[in-house]
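One letter stands for each residue in the lines below.
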Amino acid sequence: LTPGELDAALGHTAATSPAPRFAQGTNVRVLEERVQSRWRRPHLRTPGYLFGCTGIIESYEGAFSDPEFLAFSVAPARKEHLYRVRFAQGDVW
C-alpha cells in the first residue's frame, strides 16, 4: 500500500491543506459516522455519542498531520485542522 493509495482510500486527494473552515464562535454539527466507510476510517477521534450533536468552536488549535495516516506510519503532506468545540451537557447526554 503506497501513501497515494492510502490517501485515495481515505478520501484525501489534495496534497496541500485548505484554509481553516471555521472561526471561533461558529456553530457546528458533528457529522454522523457513515457505516459504509467505517472500515476505511479505523482511527476515529470523535466519541460516538457526539455524532449529530451541535457545538460551538471555542478555539482553533492549528493544523496537524492526520492521525488516521500516522497510525499506518505515513506522514501525509496534507494537514488536518484541529478545533476545540464546546458542547452543552444537555445536548450530549
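Computed from a prediction, not measured in an experiment: that's the story for all the values here.

*Asks:* Would you mind showing me how to read the environment of Gln 24 here?
*Replies:* With respect to the helices and strands, the residue Gln 24 is situated in the loop between helix H1 (3-9) and strand S1 (27-29). For Gln 24 and Tyr 60, which are 36 residues apart along the polypeptide, the C-alpha to C-alpha distance reads 6.9 Å. A distance of 3.1 Å separates a polar atom in the side chain of Gln 24 from the backbone oxygen of Glu 58.

*Asks:* Before we go on, may I ask you to explain the sheet that holds strand S3 (residues 79-86) in this structure?
*Replies:* Strand pairs in the sheet, formed through backbone hydrogen bonds, run parallel or antiparallel to each other. Taken together, the 3 strands give an open sheet; going across it, the order is S1-S2-S3, and neighbouring strands pair in antiparallel fashion. The strands lining the two open edges of the sheet, one partner per strand, are S1 and S3. The mean inter-strand angle of the sheet, taken between neighbouring strand axes irrespective of direction, is 55°. By the bridge criterion, 8 bridges tie strand S2 (residues 54-65) to S3 in an arrangement that is antiparallel. In the strand pairing of S3, Phe 64 is matched with Glu 80.

*Asks:* Just checking my understanding: could you explain the pattern of salt bridges for this structure?
*Replies:* Here the idea is simple: oppositely charged side chains can pair when their charged atoms come close. Counted according to the given criterion, the structure contains 2 salt bridges. Of the charged contacts, one joins Arg 86 and Glu 58 as a salt bridge, the two residues approaching to 3.4 Å between their closest N and O atoms. With Arg 86 in strand S3 and Glu 58 in strand S2, the pair connects residues that are 28 residues apart, well separated along the chain. Accessibility expressed as a relative area gives 43% for Arg 86, which makes it partly exposed. Judged by relative accessible area, Glu 58 falls into the partly exposed class, the value being 30%. The closest approach of N and O atoms between Glu 61 and Arg 84, which form a salt bridge, is 3.3 Å. Note that Glu 61 is positioned in strand S2 and Arg 84 in strand S3, a separation of 23 residues in sequence.

What counts, and where the lines are drawn
- Residues numbered from 1 in each chain as written.
- Predicted model: local features only at pLDDT ≥ 70, side-chain atom pairs only at ≥ 80, totals over all residues.
- Heavy atoms only, no water.
- Helix = DSSP H or I, 4+ residues; strand = E, 2+ residues; numbered from the N terminus.
- Polar contact = N/O pair within 3.5 Å; in protein donor to acceptor, adjacent residues only side chain to side chain.
- Pairing = 2+ DSSP bridges.
- Axes fitted to C-alpha atoms, helices over the stretch in contact; angles between N-to-C directions.
- Salt bridge = Lys/Arg side-chain N within 4 Å of Asp/Glu carboxyl O.
- Buried < 20%, exposed > 50% of the residue type's maximum accessible area, 1.4 Å probe, protein only.

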